[in-house]
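Spelled out from the first residue to the last, the chains are:
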Amino acid sequence: MDLLQNFPLWASITAILFAQLVKIPIQFIVSRKLDAGLAFSTGGMPSSHSAAVTALSTAVGIEHGFNSSIFAIAAVFTIIVMFDSTGVRRQTGEQAIMLNILLNDFHRFVNEAREWSTKEQFQKREELKELLGHKPIEVLFGGLTGILLTTLLHTLLN
């Protein structure tokens, strides 16, 4: 099966899995809190989006040459995804933070107005997802992860 021999595909999938899994120990080192759910969430260090697209571009470059048209397509795709990760998606996350603050303030006001003495109902609300995008450093390390991991995989497989 040709699909099983598709190095760029497998390099990208490996980079995604690696980047998602390594978020758990990185977050533990930073916060001393173990959160296995990070493996299935967006945002955080390193960017799995950046790792995936740089792995794809690197693998395409290795297989087809860094002067090929297909590498140019992959490279432009990589730039767009990485730019989007720090741009639109990041701003959406920032807006989610502000909306959560506003919702928090509103709920606190309602609770005080009704003289609710417990926070149980307030705590049950579901907050908007704030980790949508990436900081530039997260995108940089995601990109480096994809390049280095693909280069290592290519060396090991050949």
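Anything mentioned here points back to the structure above.
Below you will find a few notes about this structure. It should be emphasised that the depicted structure is a prediction, and the values quoted were computed from it without experimental measurement. (Residues numbered from 1 in each chain as written. Predicted model: local features only at pLDDT ≥ 70, side-chain atom pairs only at ≥ 80, totals over all residues. Heavy atoms only, no water.)

Some remarks on a nonpolar patch on the surface
Step number 1: A surface patch of nonpolar side chains, amounting to about 540 Å² of accessible area, comprises Leu-3, Leu-4, Leu-9, Trp-10, Ile-13 and Leu-17.
Step number 2: For Leu-3, the location among the structural elements is in the segment before helix 1 (7–31). (Patch = residues over 30% accessible without salt bridge, like charges linked within 9 Å, V, L, I, M, F, W, Y side chains within 5 Å. Areas by Shrake-Rupley, 256 points an atom, 1.4 Å probe, with all protein chains shown as cover. Salt bridge = Lys/Arg side-chain N within 4 Å of Asp/Glu carboxyl O. Helix = DSSP H or I, 4+ residues; strand = E, 2+ residues; numbered from the N terminus.)

Remarks on the packing of helix 3 (residues 69–86) against helix 6 (residues 136–157)
Step number 1: At a minimum axis distance of 9 Å, the contact between helix 3 and helix 6 shows a crossing angle of 150 degrees. Considered as vectors, helix 3 and helix 6 are oriented roughly antiparallel to each other. When you trace helix 3 past helix 6, the crossing you get is right-handed. On the side of helix 3, the interface is formed by Met-82, Ser-85 and Thr-86, while helix 6 contributes Pro-136, Val-139 and Gly-143.
Step number 2: Partitioned by chemical class, the residues of the contact of helix 3 with helix 6 number three nonpolar, three polar and no charged. (Axes fitted to C-alpha atoms, helices over the stretch in contact; angles between N-to-C directions. Parallel < 35°, antiparallel > 145°, perpendicular 65-115°, else oblique. Left-handed = near helix turned anticlockwise from the far one by under 90°. Contact = heavy atoms within 4.5 Å. Nonpolar A, V, L, I, M, F, W, Y, C, P; charged D, E, K, R; others polar.)

Concerning helix 1
Step number 1: If you check helix 1, its first and last C-alpha atoms are 36 Å apart, about what 25 residues at 1.5 Å a residue would give, namely 36 Å.
Step number 2: At Lys-23, helix 1 shows its strongest bend, of approximately 25 degrees, with the proline Pro-25 following within four residues.
Step number 3: Three or more residues of helix 1 are buried, namely Phe-7, Pro-8, Ala-11, Ser-12, Ala-15, Ala-19, Gln-20, Lys-23 and Ile-24.
Step number 4: Where helix 1 starts, the residue carrying a side-chain oxygen 3.1 Å from the main-chain nitrogen of Leu-9 turns out to be Asn-6.
Step number 5: Arg-32 sits one or two residues past helix 1 and shows a positive phi near 60 degrees. (Expected span 1.5 Å × (residues − 1). Bend = angle between axes of the 7 residues up to and from the residue. Buried < 20%, exposed > 50% of the residue type's maximum accessible area, 1.4 Å probe, protein only. Polar contact = N/O pair within 3.5 Å; in protein donor to acceptor, adjacent residues only side chain to side chain.)

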